[in-house]
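So the chains spell out like this:
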Amino acid sequence: WCMIFLLGMAWSTSSSLYAQKASDKIPNISPDEFTSKSGEMGWGTGMMVENTIFNDVFNKKLNLYQLLEKPVLIELWSLDCQQCKKNKKYLKSFYTQYDIHIISISDDNYPNEIRKQAKQLALPWSMIHDDSKNFEQASFADRNQLGNAKFILITPDKRIHSIYQSEREIGKVGVALQQYFAN
């Protein structure tokens, strides 16, 4: 499946976006237990997202809130999705054209293949293997709000701007980015 979150926020921090090697004992995606939660947090349009910790396939640790000094685009995809592979060229264009971070998440059971594809395509953003399936757990990402989303756009105020339900809606994501940066 392909999903993209566009996350952004002016966030000042002195720590690095990419911390030291992640422990093998930690799931590759997990909510940050130290973030205070409020009733307005969730994964629906207009809601504020909770902080999330990612460990990518190259053992880099990412803290979502630390990435929010500028927009972040997160894609959920699958190795066997042909449209997802085609979308990589559009994502590269978005990455180059706009000042954003991109994170691609796959729950395929082949982290070596995900790593291989990232290298082959020379993708400059983080690739995450969702080994724990945390991202699709209702307790972590409310599937009633998120549905079967493929792309999600989140603005600098940590709120979800829009949700796209098909990997074929990559063009709509591009339009949303264009509109966001035009303002």
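Rules behind the numbers
- Residues numbered from 1 in each chain as written.
- Predicted model: local features only at pLDDT ≥ 70, side-chain atom pairs only at ≥ 80, totals over all residues.
- Heavy atoms only, no water.
- Axes fitted to C-alpha atoms, helices over the stretch in contact; angles between N-to-C directions.
- Helix = DSSP H or I, 4+ residues; strand = E, 2+ residues; numbered from the N terminus.
- Parallel < 35°, antiparallel > 145°, perpendicular 65-115°, else oblique.
- Contact = heavy atoms within 4.5 Å.
- Buried < 20%, exposed > 50% of the residue type's maximum accessible area, 1.4 Å probe, protein only.
- Pairing = 2+ DSSP bridges.
- Right-handed = clockwise from strand over helix to strand, strands pointing away.
- Disulfide = S-S within 2.5 Å.
- Arc of directions from axis to C-beta.

A.B. asks: Explain the packing of helix α2 (residues 82-97) against helix α5 (residues 170-182) here, please?
C.D. replies: The angle between the axes and the distance between the axes are what describe a pair of packed helices. α5 packs onto α2 with a crossing angle of 5° between their chain directions and a minimal axis gap of 11 Å. Of the possible angle classes, the one that applies to α2 and α5 is roughly parallel. Of α5, the residues touching α2 (which contributes N87, Y90, L91 and F94) are I170, V173, G174 and L177.

A.B. asks: What exactly am I supposed to notice about the pairing of strand β7 (residues 101-106) here?
C.D. replies: Across a regular strand the side chains alternate sides, sitting on one face of the sheet and then on the other. Burial analysis of β7 places six of its six residues in the buried class, the great majority of the element. Side chains H101, I103 and I105 project from β7 onto one buried face, and the interleaved I102, S104 and S106 project onto a second face that is buried too. Here six bridges tie strand β6 (residues 72-77) to β7, and the two strands are oriented parallel to one another. Paired with L76 across the bridge in β7 is I105. In the classification by handedness, the crossover that spans β6, the intervening α2 and the parallel β7 is right-handed.

A.B. asks: Sorry if this is basic, but what is going on with the state of the cysteines here?
C.D. replies: Simply put, disulfide is the name for a covalent bond between the sulfur atoms of two cysteines. This model, assessed by the stated rule, comprises one disulfide. Through a disulfide, C81 is tied to C84; the S-S separation comes to 2.4 Å. Residues C81 and C84 are joined by a disulfide whose S-S torsion is about 80°; by sign, that bridge is right-handed.

A.B. asks: Would you explain helix α3 (residues 111-120) in this entry?
C.D. replies: The periodicity of an α-helix, 3.6 residues per turn, causes residues three or four places apart in sequence to face the same way. Where α3 is concerned, the buried positions are I114, Q117 and A118. The buried residues of α3 occupy an angular sector of 100° when the element is viewed end-on, so they sit on one face. Of the residues in α3, the exposed ones pointing more than 90 degrees away from the buried face are N112, K119 and Q120. Where the residues of α3 are buried, they touch β6, α2, β7 and β8 (126-129). Just downstream of α3, A122 is the residue with a positive phi angle, here 50°.

These figures come from the coordinates and say nothing about function on their own.
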